[in-house]
Amino acid sequence: MKRAVAEIMALVWLLVGLGILSAFLLNLRRYRLAAKLPGPKLWVPGFGNLIDTLLCYGFSGVEWIKGYYERYGNVYAMWVGHSFLLVTSNPRDIEAIVTSSAFIDKGSNYSLLSPWLGDGLLLSSGKKWHSRRKLLTPTFHFRILEQFIDVYNEKGTILEAKLEELVGKGAVDVRPYISRHALDVICETAMGTQMNVQVEENSEYVQAIKVACKTVDDRHAYPWLSNETLFRMTRMGKEFFKALGVIHGVTQRVIDKRKAELQNELKSGEKQVETVQDDIGSKKRMMFIDQLLTMHLQGADLSEKDIFDEVNTFMFEGHDTTMTSVCFTLYLLSQHPEVQERVAQEVLLVTGSSPHFTAAHLAELKYLEAVIKESLRLYPSVPCFFRECKEEYKLPSGYTIPARTTILINAFMAHHDEKNFTDPLTFNPERFVAGNEDHQRHNFAYIPFSAGYRNCIGQRFAMMSMKATLARILRSYRFLPGFADGSKLDLDLQVVLTTKSGVMLQLERR
């Protein structure tokens, strides 16, 4: 009996050993290719190179992407636990990656957003992403975006009044005010619903959005929160899913209400269901949700669950990114008063005595657009993008990356690389003024809205929204540095680029 048990145990150990050996041999080429890439060499079982990162840069994501760039250049790699990560800010590599159908799938870290966003455009992949992108692209046509001008004017007027309360109050954090304004705009343009976020700033919905955004940031910052089972057991997890209940509840109620209204209009003969390509100039304003529901009622491959996911995605993507871009632009303008005055004069020249902006006004604000583009170069809202490499691939930079590699496209360092931009740390909007562009610069050295197949579908909306917001408040107020020392920003790399202690500025009337 003992002999039989011993033989069985020996067989078990033999099979285990063969399994380990097979796994090693199958991954041998992967390990060899990984070893040839530049990057940190301090490797700890279970942690990979994370110990090197923590010892050198702590928990600061901005510091580690800067530090590793200085140590290894614009292409390097590291092990994060058992996952292999390649980081590149090389424009030729970026072009090859974002324009190849082999890299359509985003990184696995985006899955942390799936409880909130479902399988919307940001997270979907493969054939579903292709068909959905094609279906949604017309909803961001310029003629459709022009409908939102009234929303920009209405919400901008409220923001003006709110900022009036800050005049003469010394250094204040403008971020909460800009954030609520951006959320107010996106609620109406995406869902066609007035949430009065700027007025009812302590509403359950506003608080739920705050909790959800902060939790997503924390989960990306602290790897131990990425495990879904463990996360749900934490207090943070419970608060997150409670907040999602509020957010999703609002989205579903709006969908139900708008669908019923559209169906009633059809039944009563008051209106024909129009496609988004129709001439909408004289028709009732249709928000994003209306356009999706119209396609749904026409029989497009777009279920109510799909609409639910896409509305939540647009709400998420169009809120934080726009807010941070406006805040960073205001900060830079406070540091460069001569540029701020030139923007204010352009706004006054274009709009005259008109209290409200038109789409034509926004199109004429060329210098303001150059300022926003330069701000996005220095402080890109989304500083990094992830893609999955499933097969072995040779980059234009000459490095071969193994299969099953996560690629981090480092837009932040591409924008700060002296090979791509002369004097890259200097705020100089002239770089983007027509006629001054550096035509020697690689087309993929500047990617504030990502690039290639999966570039931001809402980038035109974002630019219109930022221009409308900045034009209105710069026409009324002058923004000054928060403190005498210039109050440098303590950048924090989360889902979007942000700051740890807000954006402190002073305001005075023009």
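Residues numbered from 1 in each chain as written. Predicted model: local features only at pLDDT ≥ 70, side-chain atom pairs only at ≥ 80, totals over all residues. Heavy atoms only, no water.

J.: Sorry if this is basic, but what is going on with the pattern of salt bridges here?
T.: When the charged atoms of two side chains with opposite charge come close together, those side chains can pair. The full count for this structure, using the stated rule, is 29 salt bridges. When the shortest N-O distance is used, the salt bridge between Lys128 and Asp119 registers 2.8 Å. What makes Lys128 partly exposed here is its relative accessible area of 30%. With a shortest N-O distance of 3.1 Å, Glu341 and Arg510 are connected by a salt bridge. Of this pair, Glu341 sits in helix α15 (residues 337–351) while Arg510 sits in the segment after β11 (504–509), and the two are 169 residues apart along the sequence. Judged by its relative accessible area of 27%, Glu341 is partly exposed. Accessibility expressed as a relative area gives 33% for Arg510, which makes it partly exposed. (Salt bridge = Lys/Arg side-chain N within 4 Å of Asp/Glu carboxyl O. Buried < 20%, exposed > 50% of the residue type's maximum accessible area, 1.4 Å probe, protein only. Helix = DSSP H or I, 4+ residues; strand = E, 2+ residues; numbered from the N terminus.)

J.: How do you make sense of the sheet that holds strand β4 (residues 384–389) when you look at a structure like this?
T.: Backbone-to-backbone hydrogen bonds pair the strands of a sheet. The strands run either parallel or antiparallel. Pairing is mixed across the open sheet formed by four strands, whose spatial order is β1-β2-β7-β4. A single partner strand is all that each edge strand has here, and the edge strands are β1 (75–80) and β4. Across the sheet, the mean angle separating the axes of adjacent strands is 25° when strand polarity is ignored. For β1 and strand β2 (residues 83–88), the ladder comprises six bridges, and the chain directions are antiparallel. Each bridged residue has a counterpart across the sheet, and for Val80 the counterpart in β2 is Ser83. On top of the sheet, helix α3 (residues 61–72) reaches β1, β2 and β7 (405–410); it is set at about 125° to β1, its chief contact. (Pairing = 2+ DSSP bridges. Axes fitted to C-alpha atoms, helices over the stretch in contact; angles between N-to-C directions. Contact = heavy atoms within 4.5 Å.)

J.: Would you mind showing me how to read the sheet that holds β11 here?
T.: Spatial ordering of the open sheet is given by β3-β11-β8, a layout of three strands whose pairing is antiparallel. Here the strands that pair on one side only, and so sit at the sheet edges, are β3 (172–173) and β8 (477–481). Pairing of β3 with β11, which is carried by two bridges, proceeds in the antiparallel orientation. Within β11, the residue paired with Val172 across the bridge is Leu505.

J.: Please clarify how the nonpolar core should be interpreted in this entry.
T.: One recurring pattern in soluble globular proteins is that nonpolar side chains are buried together. Counting residues in hydrophobic clusters, the biggest one holds 151 residues, and the most contacted among them are Trp64 and Trp116. Here the element with the most residues in this core is helix α14 (residues 304–335); it accounts for 14 residues. Contacts of Trp64, omitting those with residues within four sequence positions, involve Thr53, Tyr57, Tyr76, Met78, Leu85, Val87 and Leu408. (Core = buried A, V, L, I, M, F, W, Y, C linked by side-chain atoms within 4.5 Å.)

J.: What am I meant to see in a nonpolar patch on the surface here?
T.: A surface patch of nonpolar side chains, amounting to about 450 Å² of accessible area, comprises Leu54, Phe59, Tyr222 and Trp224. Residue placement: Leu54 occurs in helix α2 (residues 50–57). (Patch = residues over 30% accessible without salt bridge, like charges linked within 9 Å, V, L, I, M, F, W, Y side chains within 5 Å. Areas by Shrake-Rupley, 256 points an atom, 1.4 Å probe, with all protein chains shown as cover.)

J.: Help me out: how do you make sense of unusual backbone geometry in this one?
T.: Excluding glycine, a negative phi dihedral is what most residues carry, and trans is how most peptide bonds are arranged. Phi angles above zero are rare outside glycine, and Asn196 is one such case at about 50°. Examined against the element boundaries, Asn196 turns out to sit in the loop between α9 (175–191) and α10 (204–221). The phi dihedral of Arg404 falls on the positive side, at around 65°, and the residue is not glycine. Within the secondary structure layout, Arg404 lies in the loop between β6 (400–401) and β7. On the basis of relative accessibility, which here comes to 47%, the residue Arg404 falls in the partly exposed class.

J.: What is the right way to read the pairing of β4 from this model?
T.: In terms of burial, β4 is largely enclosed, as six of its six residues are buried. The side-chain alternation of β4 yields two buried faces, one formed by Cys384, Phe386 and Glu388 and the other by Phe385, Arg387 and Cys389. Bridging between β4 and β7 involves six bridges; their strand directions are antiparallel. Note on β7: the bridge partner recorded for Glu388 is Thr406.

J.: Honestly, the packing of helix α17 (residues 366–378) against helix α19 (residues 459–476) in this entry has me stumped. Any pointers?
T.: Helix-helix packing: each pair is described by the crossing angle between the helix axes and the interaxial distance. Their axes nearest at 10 Å, the elements α17 and α19 cross at an angle of 110°. Taken together, the axes of α17 and α19 are roughly perpendicular relative to one another. Seen from above, α17 lies across α19 with right-handed handedness. Facing α17, whose interface residues are Leu368, Glu369, Ile372, Lys373 and Leu376, α19 presents Met463, Met466, Lys467, Leu470 and Ala471. Here the residues of the contact of α17 with α19 are counted per class, giving seven nonpolar, no polar and three charged. (Parallel < 35°, antiparallel > 145°, perpendicular 65-115°, else oblique. Left-handed = near helix turned anticlockwise from the far one by under 90°. Nonpolar A, V, L, I, M, F, W, Y, C, P; charged D, E, K, R; others polar.)

J.: It is not clear to me how the UniProt feature "binding site: heme" (unreviewed entry) in the protein chain should be interpreted in this structure. Could you clarify?
T.: This chain's UniProt record puts "binding site: heme" (unreviewed entry) on Cys456. Considering the arrangement of structural elements, one finds Cys456 in the loop between α18 (411–415) and α19. In contact with Cys456, other than residues within four places in its own chain, are Arg133 and Phe449. (UniProt positions renumbered as here; feature names shortened; annotations may be inferred.)

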